[in-house]
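# Per-entry structural report
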Protein chains: 2
Amino acid sequence: MTSEQSKSDISRARILDAAAKTFRQKGYAATTLIEIARAAGMQAGSLYYHFGSKDELLEEVLDIGMRRVHEAVEESQERLPADSSHRDRIRVAVEAHLATLLKHDDYTSANIRIFGQVPEEVQKHHIRQRDAYAELWRRILTKAQKSGALRRDVDLGLVRMLLMGALNWSVEWYQPGRTSIRTIADHMCLMLFNGIGIEEPARSRENETVA
Amino acid sequence: MTSEQSKSDISRARILDAAAKTFRQKGYAATTLIEIARAAGMQAGSLYYHFGSKDELLEEVLDIGMRRVHEAVEESQERLPADSSHRDRIRVAVEAHLATLLKHDDYTSANIRIFGQVPEEVQKHHIRQRDAYAELWRRILTKAQKSGALRRDVDLGLVRMLLMGALNWSVEWYQPGRTSIRTIADHMCLMLFNGIGIEEPARSRENETVA
DNA sequence: GTCTATACCATGATAGAC
DNA sequence: GTCTATCATGGTATAGAC
């Protein structure tokens, strides 16, 4: 049944892809249905056979994008051996989030990038979904903290925001080929767990260059 | 001479304030001149006495925003005793960046938020300015690293991006009164320098988990 | 300097042919 | 299912009165 693809389904998918890509690039308001239609290989009027309005199209793009990261991070946890360390749990979550965001997923990056500038009405419809994703991260971090893998004297909510910010902002600067997603994740985790400071007097030398 | 304020100057300033605020909230394309004019207490047509076009107005908002953070961070460095530690240098820079961004400065936050979705032509005009700001941070971090305050085996460019991301993203979630800017800066610096991990008995593998 | 009025254009959306 | 044609709206920008 999943392999059953009517012509309608195919067009729908093409439209969504085109919309995600364009929304991501130009933002919501600056994106015209004419552009989306052209990118999808059809005329603007034809979009309305598949979607009731620009906002409906937008909402589906946002929904898909958030669902994808959520699932990716969730699966990253499930795939892990039950006895994994909390650092590893966090590490794979970071990598899953980054990978979804940066590896040709216009849906998730569109969501991250434009959510703040989308009509309020639309935002309201997606708050629950965003909260659910935040809750997933909250759980991961809280468990780590409770079992002694993270310092207790920090505001985990704040840490989560800073962490998400560091990761999400990558959509603004990441360029495929220049740095691997793995390397970004490694640096993020190093900062998160160990920091990159060096104790004042001791000249600790550890000569491994992270490429 | 600075206290010399013609009526024109006052209106100009009011328009810019209104524009920064609205751009920040709604994004560039979704903001209409009608809105800006109303917020500035005049009619849309009147804006053209002060600015040649919507884009010209936008460019000035972007310019002011970037100039303000740049100056704030630069001054944070100059105000510091000459013998300050590199950690302190970085700490005050972080705080200056955050403070400018979050303390009722719609200009800087507008710049941060909408830059990626502004007409290419406009972006081009501001790349040099952004590079200069990035260069300021690059210098601060590099000096710290060279003098042994930061690990040598990290990609400082990557660290800078992650750091800026964590800070910049705060415009998306910060709410005055809930957390102090100082607290955010402290958490950021703790992560950056020490990390928030606690040594776990078993593995001492730092970053690079090569499969 | 700011207003009103309006030209001009682009967009989201609809209707009906094919 | 997609096209063409078209409407209605709302926006940027201009012109001229005050």
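Residues numbered from 1 in each chain as written. Chains lettered and ligands numbered in written order. Predicted model: local features only at pLDDT ≥ 70, side-chain atom pairs only at ≥ 80, totals over all residues. Heavy atoms only, no water.

If you look chain A up in an unreviewed UniProt entry, it shows as TetR family transcriptional regulator from Parvibaculum sedimenti.

Quick look at the overall build of chain A now. The secondary structure content of chain A amounts to 10 helices and zero strands. Counted from the first residue to the last, chain A has its helices and strands arranged as α-α-α-α-α-α-α-α-α-α. Overall size of chain A, expressed as C-alpha extent along the three principal axes, is 70 × 35 × 35 Å. Looking at chain A as a whole, 53% of its 211 residues qualify as buried. For chain A, the share of sequence-separated contacts (at least 6 apart) that also reach a separation of at least 24 residues comes to 70%. Accessible area for chain A stands at about 10800 Å²; split by element, carbon and sulfur atoms hold 48% of it. Side-chain charges in chain A split into 30 positive and 30 negative, and the spacing between the mean points of these groups amounts to 2 Å. (Helix = DSSP H or I, 4+ residues; strand = E, 2+ residues; numbered from the N terminus. Buried < 20%, exposed > 50% of the residue type's maximum accessible area, 1.4 Å probe, protein only. Contact = heavy atoms within 4.5 Å. Areas by Shrake-Rupley, 256 points an atom, 1.4 Å probe, with all protein chains shown as cover. Lys, Arg positive; Asp, Glu negative; His and termini not counted. Charge placed at Lys NZ, Arg CZ, Asp CG, Glu CD.)

What follows is about the pattern of salt bridges. All names here are of chain B. Scanning the model with the defined rule gives 19 salt bridges over all chains in all. Between Arg68 and Asp105 there is a salt bridge whose closest N-O contact spans 3.4 Å. Residue Arg68 is located in helix α4 (residues 54-78), and its partner Asp105 is located in the loop between α5 (86-102) and α6 (106-114); the two are separated by 37 residues in the primary sequence. According to the relative accessible area criterion, Arg68 is partly exposed, its value standing at 37%. Across the pair Arg113 and Glu172 runs a salt bridge whose closest N-O atoms are separated by 3.0 Å. One end of the pair, Arg113, is in helix α6; the other, Glu172, is in helix α9 (residues 170-173), and 59 residues separate them in sequence. (Salt bridge = Lys/Arg side-chain N within 4 Å of Asp/Glu carboxyl O.)

When chain A is fitted to chain B, the residual RMSD is 0.0 Å, and the transformation amounts to a turn of 180° plus an axial shift of 0.0 Å. Both chain copies can therefore be described as sitting about a two-fold axis. In this assembly the copies share their binding face: 89% of the residues contributing to the interface of chain A also contribute to that of chain B. (Least-squares fit on C-alpha atoms with pLDDT ≥ 70 in both.)

What follows is about the protein's contact with DNA strand D. Within the structure, DNA strand D sits among 16 residues, and Ser8, Ser11, Ser46 and His50 of chain A together with Tyr48 of chain B are positioned closest to it. Protein-adjacent atoms of DNA strand D, using a 4 Å cutoff, are sugar or phosphate at a proportion of 77%. In this structure, His50 of chain A approaches DNA strand D through a side-chain N or O atom, which is 2.6 Å from a phosphate oxygen. Tyr48 of chain B is positioned such that a nitrogen or oxygen atom in its side chain is 2.6 Å from a phosphate oxygen of DNA strand D. Those elements that place two or more of their residues in the surface near DNA strand D are α1 (7-26) and α3 (47-50) of chain A together with α2 (33-39) of chain B. (Near = heavy atom within 4 Å. Polar contact = N/O pair within 3.5 Å; in protein donor to acceptor, adjacent residues only side chain to side chain.)

According to the stated counting rule, one finds zero disulfides over all chains in the structure shown. Unpaired in this structure, Cys189 of chain A has its nearest cysteine sulfur neighbour in Cys189 of chain B, at a distance of 20 Å. The buried category is assigned to Cys189 of chain B, whose relative accessible area is 1%. (Disulfide = S-S within 2.5 Å.)

To continue, consider the nonpolar core. Counting 87 residues, the largest nonpolar core has Ile90 and Val94 of chain A together with Ile90 and Val94 of chain B as the members making the most contacts within it. Excluding residues that lie within four positions of it along the chain, Val94 of chain B makes contacts with Trp137, Leu163, Leu167, Ala185, Met188 and Cys189 of chain B. (Core = buried A, V, L, I, M, F, W, Y, C linked by side-chain atoms within 4.5 Å.)

Turning to the UniProt feature "domain: HTH tetR-type" (unreviewed entry) in chain A, a few remarks are in order. If you check UniProt for "domain: HTH tetR-type" (unreviewed entry), the listed places come out as residues 9-69 of chain A in our numbering. The distance from the first to the last C-alpha atom of residues 9-69 of chain A is 23 Å, and the span holds 74% helix and 0% strand. (UniProt positions renumbered as here; feature names shortened; annotations may be inferred.)

To continue, consider the protein's contact with DNA strand C. Neighbouring DNA strand C are 16 residues; Tyr48 of chain A together with Ser11, Gln43, Ser46 and His50 of chain B lie closest to it. In this structure, Tyr48 of chain A approaches DNA strand C through a side-chain N or O atom, which is 2.7 Å from a phosphate oxygen. Between DNA strand C and the protein, one listed contact pairs a phosphate oxygen with a side-chain N or O atom of Ser11 of chain B at 2.5 Å. Broken down by secondary-structure element, the contributors of at least two residues to the surface near DNA strand C are α2 (33-39) of chain A together with α1 (7-26) and α3 (47-50) of chain B. Among the elements that make up the surface near DNA strand C, the one with the highest residue count is α1 of chain B (three residues). When the residues that make up the surface near DNA strand C are grouped by side-chain class, the tally is five nonpolar, nine polar and two charged. (Nonpolar A, V, L, I, M, F, W, Y, C, P; charged D, E, K, R; others polar.)

With that out of the way, let us pick up the interface of chain A and chain B. Listed per partner, the contact involves 53 residues of chain A and 52 residues of chain B. Together, the buried faces of chain A and chain B total about 5200 Å²; carbon and sulfur atoms form 61% of this surface. Where chain A meets chain B, there are zero salt bridges. Applying the counting rule to chain A against chain B returns 13 residue pairs in polar contact (both at pLDDT 80 or more). Elements that contribute at least two residues to the side of chain A that touches chain B include exactly α1, α5 (86-102), α6 (106-114), α8 (156-168), α9 (170-173) and α10 (181-193) of chain A. Take the side of chain A that touches chain B: its biggest share by element is 10 residues, from α10 of chain A. When the residues that make up the side of chain A that touches chain B are grouped by side-chain class, the tally is 23 nonpolar, 16 polar and 14 charged. (Buried area = accessible area lost by both parts, 1.4 Å probe.)

Phi is positive for His104 of chain A, which is not a glycine, with a value near 35°. Following the sequence through the fold, His104 of chain A ends up in the loop between α5 and α6.

The next point concerns the packing of aromatic side chains. Residue and element names in this part refer to chain A. What the rule picks out here adds up to two aromatic pairs over all chains. Ring geometry for Phe23 versus Tyr28: centroids 6.0 Å apart, planes at 40°, classification tilted. Owing to a relative accessible area of 0%, Phe23 belongs among the buried residues under this scheme. What makes Tyr28 buried here is its relative accessible area of 14%. (Phe/Tyr/Trp six-rings, centres within 6.5 Å; stacked < 30°, edge-to-face > 60°.)

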